[in-house]
Amino acid sequence: MARKKKHPEHVNHERWLISYADFITLLFAFFVVMFAVSQVDSRQVGRFTESFTDALEWQVFEARGGKGFMSERKVQPIVGQSVKPVGKAILGRAPQFQPDESNLARTLKDRLRSVPELRDLKVIEFRGELILRLPEQLLFETGETRVNEDGQIALWAIAEALKGREVQVRVEGHTDNVPIKTIRFQSNWELSAGRSTSVVVYLVEACDMDPKRLAAAGYGEFRPIGPNDTPEGRAQNRRVDLVVVAETDASVVPPKTVPASSSAD
């Protein structure tokens, strides 16, 4: 029986259409992505810029001459003038405070005159922040973290001026460079952190301030404002700073936690 004769296969001259269609699809997807990126919500970009700027303003400090962070802070107590934002613009936006900043500064200065326990309070403006500086002897006994009676009166008066305002308060504890090593505190880090935490707890529990607007930090002896080689300078360094900053929409909303995607084995 004779075998069937195989016909030669015809060459498909239109196979290029497959590659061309793939190229067109990829090109279309590319332009769709570019269009989507160009339609970013301007409000979201503005919130990101503000939150990023605030983060830089909170954390970036300049060290000079080997004296530690903030050793070159040039600040002056507010006397008879309202607080105005200062500092260089970051990302095209200068640090800004609340519109009622002058009212807040005026209220604090009025309380400075009317509350004897606030006679040593210093109200300082620095880079768009309002710093309420309290010396150690006003709030604590030597080597202690419990707020004394005079300190409680002073904190209560400050809390009354701050409550109801759209601000956040960071409580910073500072010490001098004299080493401490007791049963409770092994270092100045622990002492300064314990003091700032005690102030925050008192503001929340006794003064009914919103805990979401408060934070505590301890810096030990590493951010001095005076020389540590004199008793006067060490007394200046032993302090508690209440740093008041304007509150933005991005600063009060915690970032969402994105769960890690699990891959199938």
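Residues numbered from 1 in each chain as written. Predicted model: local features only at pLDDT ≥ 70, side-chain atom pairs only at ≥ 80, totals over all residues. Heavy atoms only, no water.

Draft legend 1. Local environment of the overall build of the protein chain. The secondary structure content of the protein chain amounts to eight helices and five strands. Element order for the protein chain, N to C, with α for helix and β for strand: α-α-α-β-β-α-α-β-α-β-α-β-α. Within the protein chain, the fraction of its 265 residues that count as buried is 35%. (Helix = DSSP H or I, 4+ residues; strand = E, 2+ residues; numbered from the N terminus. Buried < 20%, exposed > 50% of the residue type's maximum accessible area, 1.4 Å probe, protein only.)

Draft legend 2. Structural view of the pairing of strand β1 (residues 122–126). Burial analysis of β1 places four of its five residues in the buried class, the great majority of the element. Sheet topology places β1 next to strand β2 (residues 129–135); five bridges connect them, and they run antiparallel. Across the sheet, Lys 122 pairs through a bridge with Arg 133, a residue of β2. Hairpin connection of β1 to β2: two residues between the antiparallel strands, including Arg 127 at a positive phi of 55°. (Pairing = 2+ DSSP bridges.)

Draft legend 3. Summary view of the side chain of Arg 223. In this structure, Arg 223 sits in the loop between β4 (214–218) and α7 (231–237). Looking at Arg 223, its side chain comes within polar contact range of the side chain of Tyr 219, at 3.5 Å. (Polar contact = N/O pair within 3.5 Å; in protein donor to acceptor, adjacent residues only side chain to side chain.)

Draft legend 4. Structural context of the confidence of the model for the protein chain. This prediction gives the protein chain a mean pLDDT of 75; 63% of its residues lie at or above 70. This model gives residues 56–99 a pLDDT under 50, and the stretch forms 88 contacts once residues within four places in sequence are excluded. (pLDDT = per-residue confidence, 0-100. Contact = heavy atoms within 4.5 Å.)

Draft legend 5. The arrangement of the sheet that holds strand β3 (residues 167–174) in detail. The sheet built from five strands is open, its strands ordered β1-β2-β5-β3-β4 with mixed pairing. Across the chains shown, the open sheet's two edge strands, defined by having one partner strand only, are β1 and β4. For this sheet the average axis-to-axis angle between neighbouring strands, irrespective of direction, equals 25°. The pairing of β3 with β4 spans five bridges and is classified as parallel. Its bridge partner being in β4, Val 171 is matched across the sheet by Ala 216. Each of β2, β3 and β5 (239–246) touches helix α5 (residues 149–162); the most contacted strand, β2, lies at about 170° to it. Running at roughly 165° to β4, helix α6 (residues 188–205) makes contact with β3, β4 and β5 of the sheet. (Axes fitted to C-alpha atoms, helices over the stretch in contact; angles between N-to-C directions.)

Draft legend 6. Examining the nonpolar core more closely. Counting 33 residues, the largest nonpolar core has Leu 132, Val 199, Leu 203 and Leu 242 as the members making the most contacts within it. Contributing elements (two or more residues each) for this core: α3 (101–114), β2, α4 (136–139), α5, β3, α6 and β5. Considering each element in turn, this core owes the most residues, seven residues, to α5. Beyond its immediate sequence surroundings of up to four residues, Val 199 is in contact with Leu 139, Phe 140, Val 147, Leu 155, Val 171 and Val 240. (Core = buried A, V, L, I, M, F, W, Y, C linked by side-chain atoms within 4.5 Å.)

Draft legend 7. Local environment of the pattern of salt bridges. Enumeration over the complete set of coordinates arrives at ten salt bridges. Where Arg 213 meets Glu 166, a salt bridge forms, and the shortest distance between an N and an O atom there is 3.5 Å. Separated by 47 residues along the polypeptide, Arg 213 in the loop between α6 and β4 and Glu 166 in the loop between α5 and β3 bring together distant segments of the chain. Since its relative accessible area comes to 21%, Arg 213 is described here as partly exposed. A relative accessible area of 39% places Glu 166 in the partly exposed class. Residue Arg 239 pairs with Asp 241 through a salt bridge whose shortest N-O separation is 3.3 Å. The pair formed by Arg 239 and Asp 241 is uniform in burial state, with each residue classed as buried. Look at the salt bridges and you will find they share partners, linking Glu 136, Asp 176, Arg 195 and Arg 238 into a network. (Salt bridge = Lys/Arg side-chain N within 4 Å of Asp/Glu carboxyl O.)

Draft legend 8. Looking closely at α5. In this model α5 runs 20 Å from its N-terminal to its C-terminal C-alpha over 14 residues, within 8% of the 20 Å that 1.5 Å per residue would give. For α5, the complete set of buried residues consists of Gly 151, Ala 154, Leu 155, Ala 157, Ile 158, Ala 159, Ala 161 and Leu 162. Its side-chain oxygen 3.4 Å from the backbone nitrogen of Asp 150, Asn 148 forms the N-cap of α5. (Expected span 1.5 Å × (residues − 1).)

Draft legend 9. Seen up close, a nonpolar patch on the surface. On the surface, Trp 16, Leu 17, Tyr 20, Phe 23, Ile 24, Leu 27, Phe 30, Phe 31 and Met 34 cluster together to form a nonpolar patch covering roughly 940 Å² of accessible area. Looking at the element boundaries, Phe 23 is found in helix α1 (residues 16–38). (Patch = residues over 30% accessible without salt bridge, like charges linked within 9 Å, V, L, I, M, F, W, Y side chains within 5 Å. Areas by Shrake-Rupley, 256 points an atom, 1.4 Å probe, with all protein chains shown as cover.)

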